[in-house]
Each structure stands twice: as structure tokens, then as C-alpha cells.
Amino acid sequence: MSAIQNVAIIGGNGTLGKPVLEALKKSEFNVWVINRQTSKSVYPRTQVITVPDDLNVDAIAKELQEKEIDALVIAIAGSNVEQQRKLIDAAFKGGVERVMPADFGSCDSADEKTNEILPLMKGKKGIRDYLIEVEKKERDGNRGKLTWTSLINAHFFDWGLGNGLLKFDVRGRKAYLLDGGDIKFSASTLPFIGNAVVRILEKPEETKNKLLYIHSLYITQLEVLAALEKATGDKFERIDENSEEELKKVRPKMLEGDHDAREEVVAIWGVVAADWKKREAFANDLLGLKEEDLDEVVQRVVKDL
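Residues numbered from 1 in each chain as written. Predicted model: local features only at pLDDT ≥ 70, side-chain atom pairs only at ≥ 80, totals over all residues. Heavy atoms only, no water.

As recorded in an unreviewed UniProt entry, the protein goes by NAD(P)-binding protein and comes from Macroventuria anomochaeta.

Encoded structure:
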């Protein structure tokens, strides 16, 4: 596989897209942002590819081919399954070598139990299955086959700590401890995920057609609580919760379409079932990524809040 030079990202203004775009711009890659015609997003000092709002496959494929895009990073919401399929089709037609789908997430979309609990993950798995099908197809000329890499990064730690995703109310000084709070789980800061995307694209052969797991922190809620109390100088109220009972309460609401309930299911499951160190495809070593210091990260988050 030839070296990747030209990288395009769609969703470059989102929670994840912004730090991924920043990491790409600091790299050696030639970077483009894909932006829809009516989007209000602005990208100063960045090359922009403007595409139709409906993500017309032929129009996007033409742009990708003209700009000689080698890799496409999809950083839109993972729930946008049809949009992702269109982007993958455009990448295939446009001669793109590598696609990174919007698999970035708190939970493991390759795990059967996770897919049963969270329908959102089924959509992510469906996209990966679609990429596996597209990967087998031959392309015109000598452009080679489309390849893919899915990255599962666990909870967005820095963003999530301030937004309840790790079961902490930092402003209210409350800790909701699941099953005793002593379960080891993986989590990653947003800049770390951006760096991981760069490392993947720098190693196209080693990361080809793979589902990879990473984390920058390997922690328990009790360890996070200790770091929070140290950083704030305050004692937090401890509220014990049973994960199974909490899921029984919120899952029915999620299945009825309640967005907050879905976030709560993700929050719980991303703590009790996200130990990536046990995964065969845990890729920190492959990508040369080192874990971060919990106290330093927590102090940074508390300061920003």
C-alpha cells in the first residue's frame, strides 16, 4: 500500500472532529475538510471541499478524485448510517485508499452483548460490515482496493467528565459509583484520539482492514473520584448505584427514543463493559501511544470547568 498523503475529514467542527482535525493539521499530511453547501461551519487556514447537502455520491467522488484524496475520516455522529454509506460509496468511486468510519465510541460495537443493549452500536457494526463488503470489490484501473480502519476509543474522558458521561456531577460535587466504583475501564482524551488517527494513517499497512482499540487512561471510578477530590479540594457526595438496576430503568426510555436515556445507557455501559486491555486488538503499542497521567488530566478538566 502506498503512503497516505492527502487526508479529508467530514465533521471537522464536532466534539471529536475538532481535535482530530487539529491533530491532522499538525501532521505531515495535506489536509482537507469536507463541508456541506449550507453548513455554517468555518475553517480558517484550511482547505475546504464543498459538497451537496444530500451527500450526492457522484459529486463527492468527483471531488475526492480531483483532489487525489488518499484517506477519508468520517467524524459525524455514528447514528448517521445512511450518510456514512454514501460517503463510503463516494470514497470507493473516488479512488480513496483508506476510510475511517464514525466508530469512535464509548462502547464496543464488535461485542454481541453491547449491540443487544445499545441499538446505536448495531448501526456502527452495520457500517463496518458494509466496509468489509466494499473492501472485496475491484476498482477500475490500477487504483487498488478500498481499505478501512475502525477505532474504538472508549469514553471521551476530558469532555465526558464535565458532561456526566463518567457518572460524575463535577459542578454539583456528586459521584454516582457503579457496582462499588472499582471496575477498571478504558477512556481517552480527545487530543489523544486525534493523535491516534494520525498514527493509524501513518501506518497504513499495519492498520489495514482492522478494528483497533485504544485508551489514554485505564482507571476506576474510585480513582477518578480521588483525583477529583484532590483537584477541587472538596469532598464529593457518594451515591451507590447498581448498573443492572439502572439499565432496567433507562433502557425502556431509550428504546422509546429518549436521547438523554440513550446517553445514560452509554454512560453506564462505557464504565462497566469497556476494559480494552483485555482485547486482542488493543493497539496502544502498535501505534506508539502512551497512557496519560490521571491527576494531570483531571486537574486540566477541573480548571477548564
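Right, picking up where we left off after that structure.
Novice: What should I look at first to understand the overall build of the protein in this one?
Specialist: Along the backbone of the protein there are 12 helices and 13 strands. On C-alpha atoms alone, the protein measures out to a radius of gyration of 20 Å, which is about the 19 Å that the 2.2 N^0.38 rule sets for 305 residues. Reported as C-alpha extents along the three principal axes, the dimensions of the protein are approximately 65 × 40 × 40 Å. For the protein, the proportion of its 305 residues judged to be buried stands at 53%. Counting only contacts in the protein whose residues sit at least 6 apart along the sequence, the fraction spanning at least 24 positions is 75%. Taking the average place of the 45 positive charges on the side chains of the protein and the average place of its 52 negative ones, the gap between the two points comes to 2 Å. (Helix = DSSP H or I, 4+ residues; strand = E, 2+ residues; numbered from the N terminus. Rg over C-alpha atoms; globule rule 2.2 N^0.38 Å. Buried < 20%, exposed > 50% of the residue type's maximum accessible area, 1.4 Å probe, protein only. Contact = heavy atoms within 4.5 Å. Lys, Arg positive; Asp, Glu negative; His and termini not counted. Charge placed at Lys NZ, Arg CZ, Asp CG, Glu CD.)

Novice: How should I be thinking about unusual backbone geometry in this particular structure?
Specialist: Trans is the common state for peptide bonds, and a negative phi is the common state for residues other than glycine. Phi is positive for Lys 167, close to 70°, though the residue is something other than glycine. Relative to the assigned elements, Lys 167 resides in the loop between helix 6 (157-161) and strand 8 (168-169). Here the phi dihedral of Asn 209 falls at roughly 55°; this positive angle occurs in a residue that is not glycine. The residue Asn 209 is located in the loop between helix 7 (190-202) and strand 11 (210-213) in this model. Here Asn 209 falls in the partly exposed class, since its relative accessible area comes to 25%.

Novice: Would you take a moment to explain the packing of aromatic side chains for this structure?
Specialist: Both the distance between ring centres and the angle between the ring planes are used here to describe each pair of aromatic rings. Scanning all chains against the criterion turns up one aromatic pair. Residues Tyr 213 and Trp 276 carry aromatic rings whose centres are separated by 5.2 Å and whose planes lie at 65° to one another, so their mutual orientation is edge-to-face. Of the two residues, Tyr 213 sits in strand 11 while Trp 276 sits in the loop between helix 10 (259-272) and helix 11 (284-287), which places them 63 residues apart along the sequence. Of the two residues, Tyr 213 and Trp 276, both sit in the buried class. We note Lys 67 situated over the ring of Trp 32; from NZ or CZ to the ring centre the distance is 5.5 Å. Between the NZ or CZ atom of Lys 137 and the centre of the ring of Phe 92, over which it lies, the distance is 5.7 Å. (Phe/Tyr/Trp six-rings, centres within 6.5 Å; stacked < 30°, edge-to-face > 60°. Lys NZ or Arg CZ within 6 Å of the ring centre and 35° of its normal.)

Novice: Please clarify how the sheet that holds strand 7 (residues 155-156) should be interpreted in this entry.
Specialist: In a beta sheet, neighbouring strands are held together by backbone hydrogen bonds and run either parallel or antiparallel to one another. Taking strand neighbours across the sheet as the criterion, the three strands line up as 7-10-12 in an open arrangement whose pairing is mixed. Among the strands making up the open sheet, the edge pair consists of strand 7 and strand 12 (217-219). Bridge count between strand 7 and strand 10 (residues 185-188): two bridges; the pairing is parallel. Paired with His 155 across the bridge in strand 10 is Ala 187. (Pairing = 2+ DSSP bridges.)

Novice: Is there a simple way to explain the environment of Leu 64 in this structure?
Specialist: Relative to the helices and strands, Leu 64 is located in helix 2 (residues 57-66). In this structure, the C-alpha to C-alpha distance between Leu 64 and Ile 49, residues 15 residues apart in sequence, is 8.6 Å.

Novice: It is not clear to me how the packing of helix 1 (residues 17-26) against helix 7 should be interpreted in this structure. Could you clarify?
Specialist: Packed helix pairs are specified by the crossing angle of their axes together with the interaxial distance, meaning the distance between the axes. Two numbers describe how helix 1 lies on helix 7: the axes approach to 8 Å, and their chain directions differ by 50°. Relative to helix 7, the element helix 1 is oriented oblique. You can see that helix 1 and helix 7 cross each other, and the crossing is right-handed. Along the contact surface, helix 1 presents Pro 19, Val 20, Ala 23 and Leu 24, while helix 7 presents Leu 190, Pro 191, Gly 194, Asn 195, Val 197, Val 198 and Leu 201. Split into classes, the residues belonging to the contact of helix 1 with helix 7 amount to nine nonpolar, two polar and no charged. (Axes fitted to C-alpha atoms, helices over the stretch in contact; angles between N-to-C directions. Parallel < 35°, antiparallel > 145°, perpendicular 65-115°, else oblique. Left-handed = near helix turned anticlockwise from the far one by under 90°. Nonpolar A, V, L, I, M, F, W, Y, C, P; charged D, E, K, R; others polar.)

Novice: Got a minute to help me understand the packing of helix 9 (residues 243-255) against helix 10 in this structure?
Specialist: Following both chains from N to C, one finds helix 9 and helix 10 inclined at 150°, their axes separated by 8 Å at the closest point. In this view, helix 9 runs roughly antiparallel relative to helix 10, as classed from their interaxial angle. In this structure, helix 9 crosses over helix 10, and the sense of that crossing is left-handed. Contacts from Ser 243, Glu 246, Leu 247, Val 250, Arg 251, Lys 253 and Met 254 in helix 9 reach Ala 261, Arg 262, Glu 264, Val 265, Ile 268, Trp 269 and Val 272 in helix 10. In terms of residue class, the contact of helix 9 with helix 10 is made up of eight nonpolar, one polar and five charged.

Novice: Sorry if this is basic, but what is going on with the sheet that holds strand 6 (residues 147-152) here?
Specialist: Taking strand neighbours across the sheet as the criterion, the seven strands line up as 3-2-1-4-5-6-11 in an open arrangement whose pairing is parallel. Each end of this open sheet is capped by a strand with a single partner; those strands are strand 3 (47-51) and strand 11. Sheet twist, expressed as the mean angle between neighbouring strand axes with direction ignored, is 20°. Most of the contacts of helix 1 go to strand 1 (residues 6-10), to which it runs at about 165°, and overall it touches strand 1, strand 2 (30-36) and strand 4 (71-74). Strands in contact with helix 3 (residues 81-93) are strand 1, strand 2, strand 4 and strand 5 (98-100); relative to strand 4, the strand with the most contacts, it is inclined by about 175°.

Novice: Even after reading the chapter, I still don't get helix 8 (residues 221-232), so can you show me in this structure?
Specialist: Along an α-helix, residues three or four apart share an orientation, since each turn contains 3.6 residues. Under the 1.5 Å per step criterion, the end-to-end length of helix 8 is 16 Å for 12 residues, consistent within 8% with the ideal 16 Å. Restricting attention to buried positions, one finds in helix 8 the residues Gln 221, Val 224, Leu 225, Ala 227, Leu 228, Glu 229 and Thr 232. (Expected span 1.5 Å × (residues − 1).)

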